[in-house]
Amino acid sequence: MSHPAPSSAGARLRQQLAAPGMLIAPGAYDGIGARLIEQAGFGACYMTGAGTSAARGFPDFGLLTMSEMVENAAVMARAAQIPLIADADTGYGNELNVTRTVREYEARGVAAIHIEDQVAPKRCGHLDGKEVISREEFVSKIRAAVEARRTPDFVLIARTDARAMLGLDEAIWRAQAALDAGADVAFVEATQSAEEAALVPRRVKGACLLNVVPGGRTPVHDLRAAEDMGYKLAILPGLMLKAAIEAGDAALAEVKATLVAPSTSASVAQTFRRFGADEWDALRTRFNAGAAMEAPKKAA
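The structure reproduced in this document is the subject of the present report. (Residues numbered from 1 in each chain as written. Predicted model: local features only at pLDDT ≥ 70, side-chain atom pairs only at ≥ 80, totals over all residues. Heavy atoms only, no water.)

Observations regarding the nonpolar core
Nonpolar side chains in soluble globular proteins generally cluster together in the buried interior. The condition is simple: Definition of nonpolar core: a set of buried residues of the types Ala, Val, Leu, Ile, Met, Phe, Trp, Tyr and Cys, connected through side-chain atoms within 4.5 Å. Remark: exposure states derive from per-residue accessible area (1.4 Å probe, protein chains only) relative to the maximum for the residue type, with buried under 20%, exposed over 50%, and partly exposed in between. In this analysis, two residues are considered to be in contact whenever any of their non-hydrogen atoms come within 4.5 Å of each other.
Val102, Tyr105 and Ile113 are the most contacted members of the largest nonpolar core, which totals 62 residues. Not counting the four nearest positions on each side in its chain, isoleucine 113 is found in contact with Ala86, Ala88, Thr101, Val102, Tyr105, Phe154, Val155, Leu156 and Ile157.

So this is what it looks like as structure tokens:
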């Protein structure tokens, strides 16, 4: 007997996390990336805070506001049907701010967010110079996030950056405390060796997330190895950003050198079809949208 698919994005994400194996969520920073990830056959998409910042001309130094991040998440959640997992930085303040942050993301159809224990303004987790708040403040913010949910389907991921300053044991303690406070997934950021990465899902009692950042602190790039370690979720934040930068650099260099527009394998119409043109054309036909108004009837 078949069962109906879960209606909310959060419920669909929870169903995937409950299934055997590890869920892979490639990272994107806009609606194009989200749609490409869906069309490539992945079950979830990750909204990278670093990419969202870069798309607005800033480094990942905590310079964007909650409203800017939520606005981008709304675009990405609308652009694809697969669940969206979004970066929510530090929650943008104290427990009151965290409460609003959860509700704003949830209202936009986002499936999950992660909130971290860095001192604001935060930095990319794979850079030096980070600071973290106290254990007590972090756990309090996670408790506020849990209570702020309008529906239990919304997935809360607790991220700790404590490894860099306070060591792996402290990071694991914080991850477990966050799960005990009601978070659904633990995210220990920037473990510094494959051995450390493997220890996290062994010592943390609950679902764990691995952040896969080539060139970053954690030297685990093989997703099969991450699954074997026991991770339930892997995000690849820079995947679409790196691809876009490299492809963009190459295309610009070609035009600069040849003064010829590069050819493409897809027509304009084919490109638009990837973003729903057929559906909108069907609506145009159904409603005769744009047709000239009928001429007014002559007076009797």
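Don't stop here, the text continues.
Re the packing of helix α4 (residues 66-79) against helix α5 (residues 95-107)
To be explicit about the condition: All axes here are fitted lines through C-alpha atoms, helices being fitted over the stretch that makes contact, and every angle between N-to-C directions spans 0 to 180 degrees. Helix and strand labels come from DSSP, where a helix needs a run of H or I of at least four residues and a strand needs a run of E of at least two; each type is numbered from the N terminus. Throughout, the term roughly parallel applies to angles under 35 degrees, roughly antiparallel to angles over 145, roughly perpendicular to angles from 65 to 115, and oblique to all others. For a crossing to be left-handed, the near helix must be turned anticlockwise from the far one by less than a right angle; the clockwise case is right-handed.
Packing of α4 against α5 leaves a shortest axis separation of 9 Å and a crossing angle of 20°. Judged by the inter-axis angle, α4 sits roughly parallel to α5. Helix-helix and strand crossings are classified by hand; for α4 and α5 the assignment is right-handed. Packed against α4, whose contacting residues are Met66, Met69, Val70 and Ala73, the element α5 presents Arg100, Thr101, Glu104 and Tyr105 at the interface.

Re the layout of surface pockets
Applicable threshold: Detection works on a 1 Å grid of protein atoms alone, calling trapped sets that fit a 1.4 Å probe cavities and calling open sets with protein on both sides within 12 Å along at least five of seven lines pockets, with lining residues defined by an atom within 4 Å of a point. Grid points are joined across faces, edges and corners, and a volume is the space filled by probe spheres set on the points. Ten residues, namely Ala, Val, Leu, Ile, Met, Phe, Trp, Tyr, Cys and Pro, are considered nonpolar, four, namely Asp, Glu, Lys and Arg, are considered charged, and the remaining ones, Gly among them, are considered polar.
Here the largest pocket is characterised by a volume of approximately 590 Å³. For the lining of the largest pocket, the secondary-structure elements that each account for two or more residues are α3 (49-55) and α11 (239-258). Considering every element that reaches the lining of the largest pocket, the biggest residue donor is α11, with 5 residues. Each residue belonging to the lining of the largest pocket can be placed in one class, and the counts come to 13 nonpolar, 9 polar and 7 charged.

Brief notes about the pairing of strand β3 (residues 84-87)
In plain terms, the rule: Two strands qualify as a pair provided that DSSP identifies no fewer than 2 bridges between them. Assignment of crossover handedness uses the view with strands pointing away from the viewer, where a clockwise path from the first strand over the helix to the second indicates a right-handed crossover.
Burial of β3 is two-sided: the residues Leu84 and Ala86 facing one way and the residues Ile85 and Asp87 facing the other way are all buried. The pairing of strand β2 (residues 45-47) with β3 spans 3 bridges and is parallel. Bridging across to β3, cysteine 45 finds its partner in leucine 84. As defined by bridge partners, β3 adjoins strand β4 (residues 112-116) across 3 bridges and the pair is classed as parallel. In the sheet register, alanine 86 faces β4, and the bridge partner there is isoleucine 113. Read as a crossover between parallel neighbours, the route from β3 over α5 to β4 is right-handed.

Some remarks on the sheet that holds strand β8 (residues 233-236)
Strand order around the closed barrel formed by 8 strands is β1-β2-β3-β4-β5-β6-β7-β8, with parallel pairing between neighbours. Within this sheet the neighbouring strands show an average axis-to-axis angle of 25°, counted without direction. Across 2 bridges, the pairing between strand β1 (residues 23-28) and β2 is parallel. Following the sheet pairing, glycine 27 is matched in β2 by tyrosine 46. Seen against the sheet, helix α6 (residues 135-148) touches β4 and β5 (155-160) and runs at an angle of roughly 170° to β5.

Here we look at empty space enclosed by the protein
A full pass over the atoms with the stated rule returns 1 cavity of 30 Å³ or more. Taken as a whole, the largest cavity holds about 40 Å³ of empty space. In terms of lining residues, the largest cavity is bounded by Gly49, Ser53, Asp60, Gly62, Leu63, Leu64, Met69, Asp89 and Lys122. Split by residue class, the lining of the largest cavity holds 3 nonpolar, 3 polar and 3 charged.

Description of unusual backbone geometry
Even without glycine at this site, aspartate 89 takes up a positive phi of about 50°. Mapped onto the elements of the fold, aspartate 89 is located in the loop between β3 and α5. The phi torsion at leucine 259 lies on the positive side, around 55°, for a residue other than glycine. Checked against the element boundaries, leucine 259 lands in the loop between α11 and α12 (268-273).

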